[in-house]
Amino acid sequence: MIRISFRQGMLAGFMMIVLLLGGASLRSWLVVEHFVDRSRQNGEQALQVAASIQELGERTVDMVRSARQFLVLQDAAIRQRFDDHLAQALTVVDRLDALDAKPLRSLLSDWREWSEALRLGIDQGTAATELAPVMSRLAETNGLLKGAGQHWIDIRNSALLAELEASRLRLGGQIALALVGAFLVVLAVGWWLVRPLRNLEQAIARLGEKRFDQPVTVSGPVDFRQLGRQLDWLRQRLLDLEDDRERALRHVSHELKTPLTALREGVALLQEEVPGPLDISQQEVVTILQNNVIALQRQIEGLLSLNAAAFESSRLVRRPVGIRDFLGEAAQRHELHSQARQLTLSIEAPEVLVSVDAEKLAVIVDNLLSNAIDFSPEGGEIRLVAATVDGKLRIECIDEGPGVAEEDQERIFEPFVQGRRTASALRQGSGVGLSIVRELVRAVGGRVTLLPSPAGAHFLVEIPDEKKN
């Protein structure tokens, strides 16, 4: 198999385009040069024919005049003049005959016959009245020669124009073929290069989304393949690092839970004054310790939840789910929480079946609903909107809370980021809910985004509906 690099492929494509368009341009130039030469030759021959016919007419007039004068005066000098005019006229006739003008040949032959008849008549002493028809025929032949010469010039010009038109059509076809060929070369080179570039772009996007399960395979130029192999090595390296990170977090989280539990129990004993009574300042210190221990415990539980989500993301179990009933069950799970805040949960979803991982989707919707309930004002409304579009399931969660600050929109899905705007209710979360949502949505091949909203937060989850793919 021939291995061609990106540079070699681009150079070969440009060379083919240059050859195609350059060949068409060279052909055009040669055609133009050919017709310029033909036009110049036709012009020169037309001038020669017109000038020679005009000169023959003048010599004929001189010759006839000399013949008439000689017949009257019988002067040897006049006869010599006639012979000179006749010789000059025959030279012109020979010149016209050499141009290979077919319409003129028969007329030139007639002119020779009539001039020879005139010369013989003068030599034999024929009377002027008997030679008058011969002289008249010479003048008539000159007129016919003039008309035939013009006709011959017109025929050559018409033939040149017809040939020019035919060549123009051929040249137009050749230029069109060259342009089509160049376009096909561009398409072929573009397809040859765009495909691996798209593969590289998708591979980089997957790496950025921490989707390390799919190997990186890039076809096309040899240097693109080498880059694909390097990206696949990077994928495996990142996968190993991610596994190490999750393993370390699980280990640290579990290791911290045991002393943290003991610490919490100890603080509880102090707060209950089991070791002995505490004064007011000591009780304040114990309260501070208890609050910080609880906060630390929530952070550790959030880490465990995030690691569990990352671990579970590698296993997908899809089954048909009625999306409207599914969202109704999610709303029921949060009914007590929402009633405590006097919130209204509305569901807008069609009665359709979708093929999804129900457990992971339930965790996604639960986290979005929990966030929406915490941040919604009392008496507000939370909307869950679902639809299937182009083989994808779209779920929107819209609340009427303070929304997400502009400076937090890029990092709201990062672990332990709770944003600058405070919730309407006292929250006990650790700030990993949206991180878990993002992790699970990526695991099922979808994406979660925060949409612009004039009021409140508007989250959109898009996941593929395998039933329709």
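Just above sits the structure.
Cut-offs used in this document
Residues numbered from 1 in each chain as written. Predicted model: local features only at pLDDT ≥ 70, side-chain atom pairs only at ≥ 80, totals over all residues. Heavy atoms only, no water. Helix = DSSP H or I, 4+ residues; strand = E, 2+ residues; numbered from the N terminus. Buried < 20%, exposed > 50% of the residue type's maximum accessible area, 1.4 Å probe, protein only. Contact = heavy atoms within 4.5 Å. Areas by Shrake-Rupley, 256 points an atom, 1.4 Å probe, with all protein chains shown as cover. Arc of directions from axis to C-beta. Salt bridge = Lys/Arg side-chain N within 4 Å of Asp/Glu carboxyl O. Pairing = 2+ DSSP bridges. Axes fitted to C-alpha atoms, helices over the stretch in contact; angles between N-to-C directions. Patch = residues over 30% accessible without salt bridge, like charges linked within 9 Å, V, L, I, M, F, W, Y side chains within 5 Å. Core = buried A, V, L, I, M, F, W, Y, C linked by side-chain atoms within 4.5 Å. Parallel < 35°, antiparallel > 145°, perpendicular 65-115°, else oblique. Left-handed = near helix turned anticlockwise from the far one by under 90°.

**A short note on the overall build of the protein**
In terms of regular secondary structure, the protein is built from ten helices and seven strands. Out of the 469 residues belonging to the protein, those deemed buried represent 36%. Taking contacts inside the protein between residues at least 6 apart in sequence as the whole, the part at least 24 apart equals 71%. Surface accessibility of the protein: about 27,100 Å² in total, with carbon and sulfur atoms responsible for 57%.

**Overview of helix 7 (residues 323–333)**
Residues of helix 7 that are buried: Ile323, Phe326, Leu327, Ala330 and Ala331. The buried residues of helix 7 all sit within an arc of 140° when viewed along its axis, so they share a single face.

**Concerning unusual backbone geometry**
Where the residue is not glycine, phi is negative for most of them; where a peptide bond is considered, it is trans in most cases. We note that glutamine 74 has phi near 55°; this positive angle belongs to a residue other than glycine. A positive phi angle, close to 55°, is found at glutamine 342, a residue other than glycine. Structurally, the position occupied by glutamine 342 is in the loop between helix 8 (335–340) and strand 2 (344–348). Classification of glutamine 342 as exposed rests on a relative accessible area of 56%.

**A word on the pattern of salt bridges**
Tallied over the entire structure, the rule returns 17 salt bridges. Note that aspartate 37 and arginine 40 form a salt bridge whose closest N and O atoms lie 2.5 Å from each other. One end of the pair, aspartate 37, and the other, arginine 40, are both in helix 1 (residues 6–73), three residues apart, so they sit about a helical turn from each other. Among the residues examined, aspartate 37 registers a relative accessible area of 31% and is labelled partly exposed. Overall, arginine 40 belongs to the partly exposed group, its relative accessible area being 44%. In this structure, the salt-bridge partner of arginine 324 is glutamate 351, at a minimum N-O distance of 3.7 Å. Of the two residues, arginine 324 sits in helix 7 while glutamate 351 sits in the loop between strand 2 and strand 3 (353–356), which places them 27 residues apart along the sequence. Among the residues examined, arginine 324 registers a relative accessible area of 33% and is labelled partly exposed. Given the relative accessible area of 62%, glutamate 351 is considered exposed. When salt bridges that share partners are traced, they join Glu55, Arg59, Asp62, Arg65 and Arg95 into one network.

**A closer look at the sheet that holds strand 5 (residues 392–398)**
Strand order in the open sheet formed by five strands is 2-4-5-7-6, and the pairing between neighbours is mixed. Across the chains shown, the open sheet's two edge strands, defined by having one partner strand only, are strand 2 and strand 6 (447–451). In this sheet, neighbouring strand axes are inclined to one another by 15° on average, regardless of whether the strands run parallel or antiparallel. Direction of pairing for strand 4 (residues 381–389) relative to strand 5: antiparallel, over a ladder of seven bridges. Note on strand 5: the bridge partner recorded for valine 389 is lysine 392. The sheet strands contacting helix 7 are strand 2, strand 4 and strand 5, and the helix crosses strand 2 at an angle near 170°.

**A look at a nonpolar patch on the surface**
A surface patch of nonpolar side chains, amounting to about 300 Å² of accessible area, comprises Leu20, Leu21, Ile175 and Leu179. Of all the elements in the fold, those that place two or more residues in the nonpolar patch are helix 1 and helix 4 (128–208). Here leucine 20 shows up in helix 1.

**With respect to helix 10 (residues 433–443)**
Counting buried residues along helix 10, ten of its eleven residues qualify, which places the element largely inside the surrounding structure. Of all the residues in helix 10, the buried ones are Gly433, Leu434, Ser435, Ile436, Val437, Glu439, Leu440, Val441, Arg442 and Ala443. Among the residues trailing helix 10, glycine 445 stands out with phi positive, at a value near 80°.

**Quick notes on the nonpolar core**
The biggest cluster of nonpolar side chains holds 39 residues, and the ones touching the most others in it are Ile323, Phe326 and Val365. For this core, the secondary-structure elements that each account for two or more residues are helix 7, strand 3, helix 9 (358–375), strand 4, strand 5, helix 10 and strand 7 (458–464). It is helix 9 that provides the largest number of residues to this core, a total of nine residues. Other than its neighbours up to four places away in sequence, phenylalanine 326 contacts Val321, Ala358, Leu361, Ala362 and Val365. Core analysis: the second largest hydrophobic core is formed by 32 residues, Val64, Phe70, Ala101 and Leu107 among them.

**Details of the packing of helix 3 (residues 102–124) against helix 4**
Remark: helix 3 packs on helix 4, axes separated minimally by 9 Å, with the N-to-C direction vectors making an angle of 160°. When the axis of helix 3 is compared with that of helix 4, the two are roughly antiparallel. Crossing hand, helix 3 versus helix 4: left-handed. Across the interface between the two elements, Pro103, Leu104, Leu107, Leu108, Trp111, Trp114, Ser115, Ala117, Leu118, Gly121 and Ile122 of helix 3 pack against Leu131, Val134, Met135, Arg137, Leu138, Thr141, Asn142, Leu144, Leu145, Ala148, Gly149 and Trp152 of helix 4.

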